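Coordinate inspection notes
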Amino acid sequence: MNSKYIYLHTIGCQMNVYDSEQIAMRLATLGYEQASSMAQADVIIVNTCTVRAKAEQKAFSLLGRLAKMKRNKKRLIIGVGGCVAQQEGEKILDRMPAVDLVFGTQAIDRLPRLIQQIETRRCRIVDVDMDAAPEIPESLVESRNESQVSKFVTIMRGCDNHCTYCVVPFVRGRETSRKPESIMREIHSLVKTGVREITLLGQNVNSYGKNQNLCTFPELLCMINEVEGLLRIRFTTSHPKDLGSDLIPAFRDLDKLCPHIHLPVQSGSNRVLKRMNRQYTREQYLDKVMKLRDTCPQIAITSDIIVGFPGESKADFEQTLELVKTVEFDGLFAFQYSDRPQAPSVKLPDKLSEPIIRKRLQILLELQEKFTRRKNVALVGSTQLVLMDGLSKKQVSDAPAEIGPDLQWTGRTSTNKIVNFHMDESAADCENLIGKLVGVRIDKGFSHSLFGRAINVEPSAGGLKGVENYAA
Ligand code: SAM
Ligand code: SF4
């Protein structure tokens, strides 16, 4: 039988990355192998994001390019999945005549059947059905044969929070938690394939299990902490309103839970937080930051901020800058506010002009850059435990064929900082260290990464939290 190939293009968050892997594994059951380029593919799937307008535009511009490609390859099947598919449904078929399949965020399990129908009948299909309480499908991890050090594991889908700017509740549906047994099965299987770090995914992991009588999120973390062979656990995202006194001690008590939390604040102004329906105040947020640092002093804290929310005054924005100065985040994702048609904030008055939003974004990013760089420079001279991931991106693009002593390897600290480093060992010995914790002396700190040399390549006993010593 001739091989059939699928090419997946993923736009957006980690959830989409996870979903794309699930799509690939499901289509493997029909004999589809992953294509190395779009030109090789028989099926191209664009997994889309609609959180901001730019991501949606990206998807449509790619679909435009694919339509041109299809003119010379009539049997090419083009599918659109993810949040734009869920939001636009049928309209995508009208707008994009080259598209064969539109499938929503809950249709991944049905994909093999949908693709088979298109293969045999050359029909066009839309499946954006949503269940009020969907069961999260079992992962097909057992069928994987490639090995990776770090993987995402979805533990929840959807969101019940209704932040006024956000489209997620409309395109991902009601919050549903996956059963602990199913999560544990996936993690055990991943570890068997060589995975050493997992990142648990959910829009608000703190409310895991709450409406379904499952275990709590900290209880789930305790179970995962016992998995033999797993070195590190991470999770994202934590909603500040639900970050409770049951979760904070886990950073101190669970040896595999990395000391890093992504805690999106969105704004430093109580007036704006209220209009965003975030359900916490600036003071409550700062109190949680203090408790986290009291309990786990080495914890790294990162955040998301939206700049230019409707009605954000100069004084509101200054409060955001003040909060950033007070917390000194380890890293920050700052976004220009983007009107989303389904989100309630689209109807709010006092929209800010694009140049004002852009200027504010630039001021915020410049401020944060100083803190990130300062924190990274403070680590110069220290030794960090790095989970070795492989060759650095720069290395792969510069000299993919040559394996020599000047190779640059890469990995992350437990606090989620990227470290690129050299090693004195032979290339073969270095390759054997992929997936192991390596002690790296930090020689340089930049805005987005650290640079150093491996000095201790013996897998360390204990100390998995990752910071062996600090710079003086
Ligand atoms: N569930 C997570 C939470 O509550 O923080 C975040 C999910 S959202 C996919 C990721 C980030 O996108 C948000 O934290 C927010 O900063 C940003 N975002 C969401 N909607 C946005 C909008 N309409 N305009 C700009 N940024 C937005
Ligand atoms: Fe969107 Fe708010 Fe839910 Fe996060 S918590 S996904 S920002 S509605």
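Fair warning: this is a prediction, and the values are worked out from it, not measured in the lab. (Residues numbered from 1 in each chain as written. Chains lettered and ligands numbered in written order. Predicted model: local features only at pLDDT ≥ 70, side-chain atom pairs only at ≥ 80, totals over all residues. Heavy atoms only, no water.)

Note: strand S17 (residues 418–422) against strand S19 (residues 450–456), 4 bridges, orientation parallel. Of the residues in S19, the one forming a bridge with Asn420 is Phe451. Here strand S18 (residues 437–445) pairs with S19 via 6 bridges, running antiparallel. Within S19, the residue paired with Lys444 across the bridge is Phe451. (Pairing = 2+ DSSP bridges. Helix = DSSP H or I, 4+ residues; strand = E, 2+ residues; numbered from the N terminus.)

An order of S12-S13-S14 is seen for the 3 strands of this open sheet, with the pairing classed as parallel. Strands with a single pairing partner mark the edges of an open sheet, and in this sheet they are strand S12 (260–262) and strand S14 (331–336). Each strand of the sheet is rotated relative to its neighbour by a mean of 10°, with strand direction disregarded. Strand direction decides the pairing type here: S12 and strand S13 (residues 300–307), joined by 3 bridges, are parallel. For His260, the partnering residue across the bridge sits in S13 and is Ala300. Each of S12 and S13 is contacted by helix H11 (residues 282–295), which is oriented at about 165° to S13, the strand it contacts most. (Axes fitted to C-alpha atoms, helices over the stretch in contact; angles between N-to-C directions. Contact = heavy atoms within 4.5 Å.)

Taken together, 15 residues are adjacent to ligand 1, and Arg52, Gln203, Gln266, Asp304 and Ser338 come closest. Between Ser338 and ligand 1, the recorded distance is 2.8 Å, taken from a backbone N or O atom to a nitrogen atom. At the level of elements, S13 and S14 are the ones that each hand at least two residues to the shell around ligand 1. By residue class, the composition of the shell around ligand 1 is 6 nonpolar, 5 polar and 4 charged. (Near = heavy atom within 4 Å. Polar contact = N/O pair within 3.5 Å; in protein donor to acceptor, adjacent residues only side chain to side chain. Nonpolar A, V, L, I, M, F, W, Y, C, P; charged D, E, K, R; others polar.)

With that settled, consider the sheet that holds strand S7 (residues 150–154). Taken together, the 3 strands give an open sheet; going across it, the order is S7-S10-S11, and neighbouring strands pair in parallel fashion. Each edge of the open sheet is held by one strand with a lone partner, namely S7 and strand S11 (232–236). Strand-to-strand twist across the sheet, computed as the mean angle between neighbouring axes with direction ignored, equals 25°. In this sheet, strand S10 (residues 197–201) lies alongside S7 in parallel orientation, the contact comprising 5 bridges. Paired with Val153 across the strands is Leu200, a residue of S10. Contacts from helix H1 (residues 14–28) reach S7, S10 and S11, with the element oriented near 95° to S7.

Overall, the coordinates contain 6 aromatic pairs when judged by the stated rule. Ring geometry for Phe217 against Phe235: centres 5.0 Å apart, planes inclined by 85°, an arrangement best described as edge-to-face. With Phe217 in helix H8 (residues 217–225) and Phe235 in strand S11, the pair connects residues that are 18 residues apart, well separated along the chain. Each member of the pair, Phe217 as well as Phe235, carries the same accessibility label: buried. Plain terms: the ring middles of Phe235 and Phe251 are 5.8 Å apart, the flat faces sit at 40° to each other, and that makes the pair tilted. Residue Phe235 is located in strand S11, and its partner Phe251 is located in helix H9 (residues 250–253); the two are separated by 16 residues in the primary sequence. In terms of burial, Phe235 and Phe251 fall into one category: buried. (Phe/Tyr/Trp six-rings, centres within 6.5 Å; stacked < 30°, edge-to-face > 60°. Buried < 20%, exposed > 50% of the residue type's maximum accessible area, 1.4 Å probe, protein only.)

A cluster of basic side chains, namely Arg65, Lys68, Arg71 and Lys74, defines a positive patch on the protein surface. Mapped onto the elements, Arg65 comes out in helix H2 (residues 53–71). The exposed category is assigned to Arg65, whose relative accessible area is 52%. (Patch = residues over 30% accessible without salt bridge, like charges linked within 9 Å, V, L, I, M, F, W, Y side chains within 5 Å. Areas by Shrake-Rupley, 256 points an atom, 1.4 Å probe, with all protein chains shown as cover. Salt bridge = Lys/Arg side-chain N within 4 Å of Asp/Glu carboxyl O. Lys, Arg positive; Asp, Glu negative; His and termini not counted. Charge placed at Lys NZ, Arg CZ, Asp CG, Glu CD.)

So, on to the pairing of S13. S13 sits mainly inside the fold: 8 of its 8 residues count as buried. Where burial is concerned, the two faces of S13 agree: the one with Ala300, Thr302, Asp304 and Ile306 and the one with Ile301, Ser303, Ile305 and Val307 are both buried. Pairing of S13 with S14 involves 6 bridges; the strand directions are parallel. Bridge pairing in S14 links Ser303 to Leu332. For the crossover from S13 across helix H12 (residues 314–327) to S14, the handedness is right-handed. (Right-handed = clockwise from strand over helix to strand, strands pointing away.)

Attention shifts here to helix H13 (residues 354–377). Compared with an ideal rise of 1.5 Å per residue, which puts 24 residues at 34 Å, H13 spans 34 Å between its outermost C-alpha atoms and is within 8% of the ideal. Among all positions of H13, only Ile357, Arg360, Leu361, Leu364, Leu367, Gln368, Phe371, Thr372 and Asn376 are buried. Contact partners of the buried residues in H13: S13, H12, S14, S18 and S19. (Expected span 1.5 Å × (residues − 1).)

Around ligand 2 sit Cys159, Asn161, His162, Cys163, Tyr165, Cys166, Val168, Pro169, Gln203, His239 and Arg278, and that is every residue in its neighbourhood. Class assignment of the residues belonging to the shell around ligand 2 gives a composition of 6 nonpolar, 4 polar and 1 charged.

Examined against the element boundaries, Lys351 turns out to sit in the loop between S14 and H13. Lys351 sits 83 residues away from Ile434 along the chain, and the two C-alpha atoms are 49 Å apart. Leaving out residues up to four positions away in the same chain, Lys351 has contacts with Pro310, Tyr337, Asp339, Ser345 and Val346. A distance of 3.2 Å separates the side chain of Lys351 from the side chain of Asp339, its partner in a polar contact. Looking at Lys351, its side chain comes within polar contact range of the main-chain oxygen of Val346, at 2.7 Å.

Looking now at the side chain of Ser345. Locating Ser345 in the fold gives a position in the loop between S14 and H13. Within the structure, the side chain of Ser345 is placed 2.7 Å from the side chain of Tyr337, a separation counted as a polar contact. Not counting residues within four places of it along the chain, the set of residues in contact with Ser345 comprises Thr164, Tyr165, Phe309, Pro310, Tyr337, Asp339 and Lys351.

Within the structure shown, the criterion is met by 26 salt bridges. With a closest N to O distance of 2.9 Å, Asp160 and Arg174 form a salt bridge. In this pair, Asp160 sits in the loop between strand S8 (156–157) and helix H6 (168–172) while Arg174 sits in the loop between H6 and strand S9 (176–177), placing the two residues 14 residues apart along the sequence. Arg174 sits in the exposed class, given a relative accessible area of 53%. Close ionic contact of Arg360 with Glu312 constitutes a salt bridge, the shortest N to O distance being 2.9 Å. Of the two residues, Arg360 sits in helix H13 while Glu312 sits in the loop between S13 and H12, which places them 48 residues apart along the sequence.

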